[in-house]
Amino acid sequence: MQLSKYNASGNDFVIFQAIDNSYFNSIDRSNLARKLCDRFSGIGADGMIVIKRANSKCDFAWEFYNSDGSEAAMCGNGSRAAALYAYKNQICSNVCSFETKAGVIAATIEENSVEVALSEPKKLSEPFSKMGLEWSFYDTGVPHLVSFVDDLEVFDLEVCRAMRAKYNANVNYAKFDGKRLLVRTFERGVENETNACGTGMAASFFTGFERFGLSSSVEVVPKSTEILNLRFDGRTIHFKGKVCHIFDTAIY
């Protein structure tokens, strides 16, 4: 089985294609994701991406699995990794689109930098207070809770786990330092803090734009410290950053 590993902003993914191989259409992909993403007995990754043939005029389709085997509709950093993988494997040109369960994602590749246009953000509730913090709740492909705080060191895993369980959402702490938006994210499916989360950065950015006067174009820094660029065009959040092709390998 041929597969690749990619890293986008500190999120890492194992990727393979099932376009012309019927075997990959019959295996238990949830169990495969758990095995491949295991950092001790597998390859190690935050998620697994399967590139498939599209049912529309898109260049391809995907399935995305978290490291615990659960399937997710969308992953921002994963979408950028998938686009670069497809381009490098001659599945698409440097301007492409692909099907996800969150809708069609458009991508533009410039060398190792990829910009994607995420699905239109949706407000899931009015702001509310819980566990001593004020939260905003948006869907930027998957649901995200966002709390703007004065000190990102208050990031509390127990609070994150409780909020994730109650609302079945990812949990983000954000802070604008006057120049850049800083974000820390607890991801469901990984069930821990990750180095970055694309849809989480998008939800934090949109919360800042909607509620706190943040510019429609801003630099965002996740835990990995990589600088990304997010902008809102009035309808869609565009998300740009570097993607690294780590290695190709075969497993048996």
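Just above sits the structure.
Residues numbered from 1 in each chain as written. Predicted model: local features only at pLDDT ≥ 70, side-chain atom pairs only at ≥ 80, totals over all residues. Heavy atoms only, no water.

A.B. asks: Can you help me understand the overall build of the chain in this one?
C.D. replies: Within the chain, the secondary structure is distributed over four helices and 17 strands. Relative to the 2.2 N^0.38 estimate, which gives 18 Å for 252 residues, the radius of gyration of the chain is 17 Å and therefore close to what a compact globule would have. Referenced to the eigenvectors of the C-alpha coordinate spread, the extents of the chain come out at roughly 50 × 35 × 30 Å. Across the 252 residues of the chain, 54% fall into the buried class. Considering only residue pairs separated by 6 or more positions, the chain has 59% of its internal contacts joining residues 24 or more positions apart. Within the structure as shown, the chain displays about 11,200 Å² of accessible surface, and the carbon and sulfur contribution to it stands at 45%. (Helix = DSSP H or I, 4+ residues; strand = E, 2+ residues; numbered from the N terminus. Rg over C-alpha atoms; globule rule 2.2 N^0.38 Å. Buried < 20%, exposed > 50% of the residue type's maximum accessible area, 1.4 Å probe, protein only. Contact = heavy atoms within 4.5 Å. Areas by Shrake-Rupley, 256 points an atom, 1.4 Å probe, with all protein chains shown as cover.)

A.B. asks: Please clarify how unusual backbone geometry should be interpreted in this entry.
C.D. replies: Its identity is not glycine, yet Ser9 carries a phi of approximately 60°, on the positive side. Its place among the elements puts Ser9 in the loop between strand E1 (2-8) and strand E2 (11-17). Positive phi, close to 75°, is recorded for Thr225, a residue that is not glycine. Looking at the secondary structure, you find Thr225 in the loop between strand E15 (217-221) and strand E16 (228-232). With relative accessibility at 58%, the residue Thr225 sits in the exposed group.

A.B. asks: Got a minute to help me understand the pairing of E1 in this structure?
C.D. replies: Each regular strand shows side chains that alternate between the opposite faces of the sheet. Of all the seven residues making up E1, five are buried; the element is thus mostly covered by neighbouring parts of the structure. By the bridge criterion, seven bridges tie E1 to strand E17 (residues 237-250) in an arrangement that is antiparallel. Paired with Lys5 across the strands is Phe247, a residue of E17. Across five bridges, E1 lies against E2 in antiparallel orientation. In the strand pairing of E2, Asn7 is matched with Asp12. (Pairing = 2+ DSSP bridges.)

A.B. asks: Honestly, the packing of aromatic side chains in this entry has me stumped. Any pointers?
C.D. replies: Two descriptors summarise a pair of aromatic rings, namely the distance from one centre to the other and the angle between the planes of the rings. In total, this model carries 14 aromatic pairs according to the counting rule given. On the basis of an interplanar angle of 45° and a centroid distance of 4.9 Å, the ring pair of Phe148 and Phe212 is categorised as tilted. Of this pair, Phe148 sits in strand E11 (residues 143-148) while Phe212 sits in the loop between helix H4 (198-211) and E15, and the two are 64 residues apart along the sequence. Under the relative-accessibility criterion, Phe148 is labelled partly exposed at 25%. Residue Phe212 is classed as partly exposed on the basis of its relative accessible area of 44%. Seen in terms of ring centroids, Phe206 and Phe232 are 5.2 Å apart; in terms of plane orientation they differ by 70°. Their pairing is edge-to-face. Here Phe232 lies in strand E16 and Phe206 lies in helix H4, a separation of 26 residues in the sequence. Neither residue differs from the other here; Phe206 and Phe232 are each classed as buried. One aromatic cluster in this structure is built from Phe13, Phe60, Trp62, Phe64 and Phe98. Arg80 extends its terminal NZ or CZ atom over the ring of Phe239, reaching a point 4.8 Å from the ring centre. (Phe/Tyr/Trp six-rings, centres within 6.5 Å; stacked < 30°, edge-to-face > 60°. Lys NZ or Arg CZ within 6 Å of the ring centre and 35° of its normal.)

A.B. asks: I tried to follow the environment of Arg211 on my own but got confused; where do I start?
C.D. replies: Positionally, Arg211 belongs in helix H4. Taking C-alpha positions, Arg211 is 9.1 Å from Ser136, a pair spaced 75 residues apart along the chain. Once you skip the residues sitting within four places of it in the chain, Arg211 turns out to touch Pro127, Glu134, Ser136 and Tyr138. Polar side-chain contacts of Arg211 include one of 2.6 Å to the side chain of Glu134. (Polar contact = N/O pair within 3.5 Å; in protein donor to acceptor, adjacent residues only side chain to side chain.)

A.B. asks: Sorry if this is basic, but what is going on with the pattern of salt bridges here?
C.D. replies: Side chains carrying opposite charge are able to pair once their charged atoms draw close together. The final tally for this structure, using the stated rule, is 16 salt bridges. With a closest N to O distance of 3.2 Å, Glu120 and Arg235 form a salt bridge. Separated by 115 residues along the polypeptide, Glu120 in the loop between strand E8 (113-117) and strand E9 (122-130) and Arg235 in the loop between E16 and E17 bring together distant segments of the chain. Under the relative-accessibility criterion, Glu120 is labelled partly exposed at 40%. Taking relative accessible area as the criterion, Arg235 reaches 55% and is therefore assigned exposed. (Salt bridge = Lys/Arg side-chain N within 4 Å of Asp/Glu carboxyl O.)

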